[in-house]
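# Residue-level structural notes
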Amino acid sequence: MKQFIVNRVLSGIVVIFGISIFSFLLIHLIPGDPVKIMLGINASPEQVVKLTRHLGLDKPLLVQYGQYITNVIQGDFGTSLKTGRPVLVEILERFPETVKLAVFGLLISVVIGISLGILAARFKDSIIDKLCTAFATLGVSIPSFWLAILLVMIFSVQLSWFPIANGTGLRDLILPAITLGVVASTMIMRLTRNGMIEVLSNDYIRTARAKGLRNHLILFRHALRNVLIPVVTVIGLQLAGLLGGTVIIEQVFNWPGLGTLAVGAIFSRDFPLIQGTILFMGVVYITINILVDVLYSIIDPRVDMGTKGA
Amino acid sequence: MRKLETYKPIQARVTYKSPLKIKSDSLQKLSRDKRAIVCIFFLFIVFIIGIFSPLLAPHNPEELFYESILEAPSKEHLLGTDAIGRDVLSRLIYGVRVTLTVSLMAVTITFFIGTLIGLICAYVGGWVDNVLMRIMDILLALPSIILALAIVAVLGPSLTNAMIAVGIASIPGFARIIRGAAITIKSSGFVEASRSIGSSHSWILRRQFLPNVTGILLVYTTLFIGVAILDTAALSFIGLGAQPPTPEWGTMLSEGKNYMLDAWWLATFPGLAITIVVFAVNFLGDALRDIFDPKSSR
Amino acid sequence: MPNILVVKGLTTQFEGEKGPITVVDQIDFKVKKGEVLGLVGESGCGKSVTSLSILQLLDKNGKISGGEVFYNNVNLVSKSEKEMRGIRGKEISMIFQDPMTSLNPVLIIGKQIGEVIEEHEKVSGTVVKQKVVELLKLVGIPRAEEIYYEYPHRLSGGMKQRVMIAMAIACNPAMLIADEPTTALDVTIQAQILDLLRSLKDELDMSILLITHDLGVVAEMCDRVVVMYAGQVVETTDTRTLLRKPRHPYTVGLIQSTPHQSKGERRLKSIIGQVPTPDQFLQGCRFADRCPKAMDICHSTIPPLFELDGQTSCRCWLYDDKKEEVI
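Residues numbered from 1 in each chain as written. Chains lettered and ligands numbered in written order. Predicted model: local features only at pLDDT ≥ 70, side-chain atom pairs only at ≥ 80, totals over all residues.

As annotated in an unreviewed UniProt entry, chain C carries the name ABC transporter ATP-binding protein and comes from Neobacillus novalis. Under Subcellular location (unreviewed entry), UniProt gives the following word-for-word description of chain C: "Cell membrane". According to the UniProt record, the Sequence similarities (unreviewed entry) comment for chain C is "Belongs to the ABC transporter superfamily." (UniProt positions renumbered as here; feature names shortened; annotations may be inferred.)

The name recorded for chain A in an unreviewed UniProt entry is Nickel import system permease protein NikB, from Neobacillus novalis. Quoted verbatim from the Subunit (unreviewed entry) field of UniProt, the annotation for chain A is "The complex is composed of two ATP-binding proteins (NikD and NikE), two transmembrane proteins (NikB and NikC) and a solute-binding protein (NikA)." Quoted verbatim from the Sequence similarities (unreviewed entry) field of UniProt, the annotation for chain A is "Belongs to the binding-protein-dependent transport system permease family. OppBC subfamily."

Given below as C-alpha cells:
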C-alpha cells in the first residue's frame, strides 16, 4: 500500500513538473514580444524594459525556468500585473468558491447518475432504459452554459424561485450546481448502468437469489457495491473535470471562482496570473487523481494492500 | 526457395485479414442502422444549410431593423430579432456555416496531428513513444477546455485562434486512442508477419496500420467533432472565440444571456441549434462505435 | 420413506432467436427423505438448468413452461416469487460449482452467511454472529472468529466451498441441491468436501440432490441415480445397479469412460461425439447418432422410459418388451 502511494505520488510530481514547464512556456509561446502585448500598444519603451527585467525575460530560458520553479516551490507564483497582489493570494481567494460549486455539482451528478443508472439497468432494454440512454447522450450534447441560461430563465426569471446571479449563498449555488451536476451525471449513469448489468449476471448474484434474499438487498447490498468500485474512479475524475466545467458556468452566474479569475486574466493579458491559475488547476487535478487511485485501492478488498497484485 | 514457400500462407493470411472485408461488413451494418441513417441524413441537411446559407436566410445576418428591436418571434422575423434589430433566424442560418467550418477545421487539426503522434508512438515505440506519451499525459492532466483557454491566452481571442486552440487541446486524447488501437493491431500478428517478409516501413504504415485504424478513426473523429463544436461555442460564449458581429452560436448566446429577462428567444434558439447538431453528431458517433469498436461500446 | 421432492414432467425453455428452445424436456424424478439422489450426465445435458428450475432461479430469458415440482406435496411451480423467496435458503438450499465466483468479493464472509439467517429467522444481530461462527466451525473452518471478517479472496477454493456450504445449511434446510460441488476443486479437497456433505446430511437430516458428471462421486455419495442426456432422463436406478449393470448405452459409455482403480490399467473408452445443443436434437432417440447399438427405430422415434423393475427405468428401444439380456 505504502509503496503504491509513493509510486503514485512520484509519477504525479513528474506530471506537475511537466505542467510547470507548460505554464512557464506559455509566456514564450506568445507570438511577438510578450511584454508589449501585456502592456498594450501605448506602453513606453522604458516600461517595456522595466517589465522585461521584472519578469526576468532578458535571461536565458533555462535560468528563467530555474528561477520560476524555485519561486513556485516556495509558494511564489509571481505578482498579478493588474492588481499587483501575489498570484497565489488571488487564486486562494477564489479557489474555495470553485470548490464549493464543483463539490455540490458532483453531489448532484452522483445522485442523478447512480439512480438513473440503476433504474436503466433494472429495466434493461425497456422504454425507461432507452430514455435514460437518450438523456445521457443529451447530457453530453447540451452546452453547459446554455443549460445554465435555460435554468435561469425558467427558475429565476419565470418562476422566481432562485435569485438571478448575484451572491454566493446556498440559494445562489443551486442552479449552477444543478447545471454542472446534470452534465457530469451522464458519464456516471452510463457506467453505473453497464456495470450493474454486468454485475447482475455474476454467479454471486445467483447465490444471493438462492439464499432467498429480497430484491432490494440483492440490488443494493450485493450488486451496487461491486458496481460502485469502478464508478468511484469516474466520480473522482468527474470532480476534476467539474473544476474545468466551472470555468464556463462561472461566467453565466458571475460566480467569483477560479474560472472568472482566469478568463479575466486572459482579457487583461495578466500572464503571471494566467500561468499561476493553470499550474494551480493542474496541481489540483493531479492531486485528485492520486487520491482517487488511493481510495480505489482502499475500497476494493481485492486490491491487495501489500503488493497491489490480484 | 523453400523459405519463400513457407511464407506464402502468411502472406495469404495478411490479405485475408486485410480490412477490406471488415469494411464492407461495417458499411452494410451501417446502412441497416436506422439511427445512424437518420443522423447522417440530418447532418447532411445541416451541411446543405451551411453551404447555401445566403440563399436560405430570409435576411442579411448583419442587417439592422431599427423598427423591430428585441422583437419576439413573428411572421416577419420567425425567431425574433436581437438587441440591435438583427434577424435571429438569419444569424442562426449563417451560424451553421461558421460552426461547421470552425469545428471541422479544429477536428482536422486534431485528426492529422493526433493520428500522426498516435501512429508514430505505436509504430516506433521505445523512447519516442515514452517521451511523446509523457507529454500527452501532461497535457491530458488539464481539462481540455482549460488547455484551450491557455492556448487562446497565448494566441489572443479570435475565432481562428479558438479553432486552433480547440483543435490542439483535443490532440492528446485523440493521439492516445489512436495509439491504443494501433498497438493492438501491431501486436495482432499480421504486421509482424509482413515485416518478416521484408515489407518497408512506409508500406506497413500505409497498407496495414491506416486501413485497420480507419474504423476507430471514424468513430472518434465523429465524437471529437461534437466536442469541437461545444468547446468553440464555449470559448465564443465567454468572449474568447468569435467576436461580434460574427453570427456564431456561442457569441449569440452570450449576447442573448444579457437579455434573458425580456427576450427569451435570443438565448434559446442558438443553444437549441448547438444541442441538436451536437446530439446528432454524438448519436452518430455512438452508432459508429457500436459498429466499428464494439468492445468499448457504451 | 416419503418423498420430499417430486419433479413431474418438468420442462424448461429459453428464448432463442428463432423461438423458444427446450433445454429440459419433461423430466421426472423423486428424492426420498434422507436420500442422496445423483443427477448425472455430461455437461450441457440440462442438469444445472433442472436444478435452477426447481428453485426458479433461471435467468430472465429462461422459463418453466410445463410440469410440476412438489416439495413436501406442495407444488412450487405455482408459487409466487415472494413465496419462493421464503423457500430458497430456508427449506431448499443450493451450492454451486465454482466457489470462486459464487461468493461476493466485496462482502465479508460473516455477513454473507449471516444474511441468510437474518432473512429467514427473526433473531438479533449478536445471535446471528454467534450462529455464523458456529456454522463456520461446523463446516470445519479453523479460526472461525477471524475468518468471519475476511473477504472471500483471502480463502482457498476448498475453504470457499465450505463457506458456501455453511451458507446453505444456515437455516437447517430439509433439502440441499449441490450443483457440481467439487468440480472446481483439487482432487484432495474434493474428498474432504464430499465427506463434509455426507456427515452434515446425517447430522442435519437433510436430503441431497447431487448434480455431477463424475461417476466416482456418484459411487461414493448417492443412493440412487438419474442419468440425463440432452434434456431428458434416460435412466433411473439405484447406484449399485447403475454401476454393476448399466442399462442405457449412454450410461454404459459414461462408465467405460471413467477411470476405475480396481479393474487395473486399461484404456478408457470415450463416447464419440458431443452432447447436441437443444437446436440440434435428433428426431428419434437423441443419443442415436453416438450410440454403438443404434437400430433403425432409434433414428425415427423417441423411445419412452421403459419401466424395468420397481427400481429401474430406461429410455432405450433395447428394452422394449423387457428384453433384458441384450447387452
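Now that the structure has been shown, we can carry on.
### Observations concerning the overall build of chain A
Broken down by element type, chain A carries twelve helices and zero strands. Listing every helix and strand of chain A by position from the N terminus yields α-α-α-α-α-α-α-α-α-α-α-α. Projected onto the principal axes, the alpha-carbon positions of chain A cover approximately 85 × 60 × 30 Å. Counting all 310 residues of chain A, 43% fall into the buried class. (Helix = DSSP H or I, 4+ residues; strand = E, 2+ residues; numbered from the N terminus. Buried ≥ 20, exposed ≤ 12 C-beta atoms within 10 Å, placed from the backbone.)

### Considering the pairing of strand E2 (residues 19-32) of chain C
Residues and elements named next belong to chain C. Here strand E1 (residues 3-16) pairs with E2 via ten bridges, running antiparallel. When the sheet's bridge partners are listed, Gly16 is paired in E2 with Gly19. Count of turn residues in the E1/E2 antiparallel hairpin: two residues. (Pairing = 2+ DSSP bridges.)

### A look at the domain arrangement of chain C
All names here are of chain C. Domains assigned within chain C are domain 1 (3-91 + 174-260) and domain 2 (103-172). Computed from C-alpha coordinates alone, the two centres of domain 1 and domain 2 are separated by 25 Å. Each partner contributes to the interface: domain 1 provides twelve residues, whereas domain 2 provides 14 residues. Among the elements that make up the side of domain 1 that touches domain 2, the one with the highest residue count is helix H8 (residues 187-204) (six residues). The residue inventory of the side of domain 1 that touches domain 2, partitioned by class, reads nine nonpolar, two polar and one charged. (Domains from an automatic or database assignment. Contact = placed C-beta atoms within 7 Å. Nonpolar A, V, L, I, M, F, W, Y, C, P; charged D, E, K, R; others polar.)

### Let's talk about the UniProt feature "domain: ABC transporter" (unreviewed entry) in chain C
Sequence positions flagged by UniProt for "domain: ABC transporter" (unreviewed entry) are, in local numbering, residues 5-255 of chain C. Structurally, residues 5-255 of chain C is divided into 40% helix and 28% strand, and its ends, taken at the C-alpha atoms, are 27 Å apart.

### Section: the nonpolar core
Among the nonpolar cores identified, the biggest contains 167 residues, and A:Phe145, B:Ala148, B:Leu149 and B:Val152 are the most heavily contacted of them. Per element, the largest residue contribution to this core is 18 residues, and it comes from helix H5 (residues 88-124) of chain B. Residue assignment places this core across two domains, with domain 1 (2-73) and domain 2 (102-267) of chain A each supplying three or more. With residues near it in sequence (within four places) discarded, B:Leu149 still touches A:Val247, A:Ala262 and A:Ile266. Membership of the second largest hydrophobic core comes to 90 residues, among which are C:Ile113, C:Ala166, C:Cys316 and C:Trp317. (Core = buried A, V, L, I, M, F, W, Y, C linked by C-beta atoms within 7 Å.)

### Observations concerning the arrangement of the chains
Where the two pairs of chains in contact are concerned, the greatest contact count is recorded for chains A and B. Taking C-alpha atoms only, the smallest gap left between chain B and chain C, which are not in contact, amounts to 19 Å.

### Thoughts on the domain arrangement of chain A
Domains assigned within chain A are domain 1 (2-73) and domain 2 (102-267). Computed over C-alpha atoms, the centres of domain 1 of chain A and domain 2 of chain A are 37 Å apart.

### Digging into the pairing of E1(C)
Judged from the eight bridges that link them, E1(C) and strand E4 (residues 62-71) of chain C form a sheet pairing that is antiparallel. Across the sheet, residue C:Lys8 finds its bridge partner in E4(C), namely C:Glu68.

### Some thoughts on the packing of helix H9 (residues 203-210) of chain A against helix H10 (residues 215-253) of chain A
Residue and element names in this part refer to chain A. Packing of H9 against H10 leaves a shortest axis separation of 10 Å and a crossing angle of 145°. Considering only the axes of H9 and H10, their crossing is right-handed. Residues Tyr204, Ile205, Ala208 and Arg209 of H9 touch H10, and the partners they reach there are Ile218, His222 and Ala223. Its residues assigned to classes, the contact of H9 with H10 comprises five nonpolar, one polar and one charged. (Axes fitted to C-alpha atoms, helices over the stretch in contact; angles between N-to-C directions. Left-handed = near helix turned anticlockwise from the far one by under 90°.)

### A few points about the sheet that holds E2(C)
Residue and element names in this part refer to chain C. If you trace the four strands from one edge of the open sheet to the other, you get E2-E1-E4-E5, paired in antiparallel fashion. Looking at strand neighbours, the two that pair on one side only are E2 and strand E5 (74-75), the edges of this open sheet. Two elements, E4 and E5, share two bridges in a ladder whose sense is antiparallel. Each residue of the ladder has a partner; that of Phe70, found in E5, is Asn75.

### Observations regarding the interface of chain A and chain C
Contacts between chain A and chain C engage 16 residues on the former and 24 residues on the latter. The greatest single-element share of the side of chain A that touches chain C, amounting to six residues, is contributed by H9(A). Of the residues belonging to the side of chain A that touches chain C, the class tally is four nonpolar, five polar and seven charged.

### Some thoughts on the interface of chain A and chain B
The interface is formed by 37 residues belonging to chain A together with 35 residues belonging to chain B. Those elements giving two or more residues to the side of chain A that touches chain B turn out to be helix H1 (2-29), helix H6 (127-141), helix H7 (144-158), helix H8 (170-200), H10, helix H11 (258-267) and helix H12 (271-299) of chain A. The biggest single contributor to the side of chain A that touches chain B is H7(A), with seven residues. Among the residues making up the side of chain A that touches chain B, the classes are represented as 28 nonpolar, eight polar and one charged.

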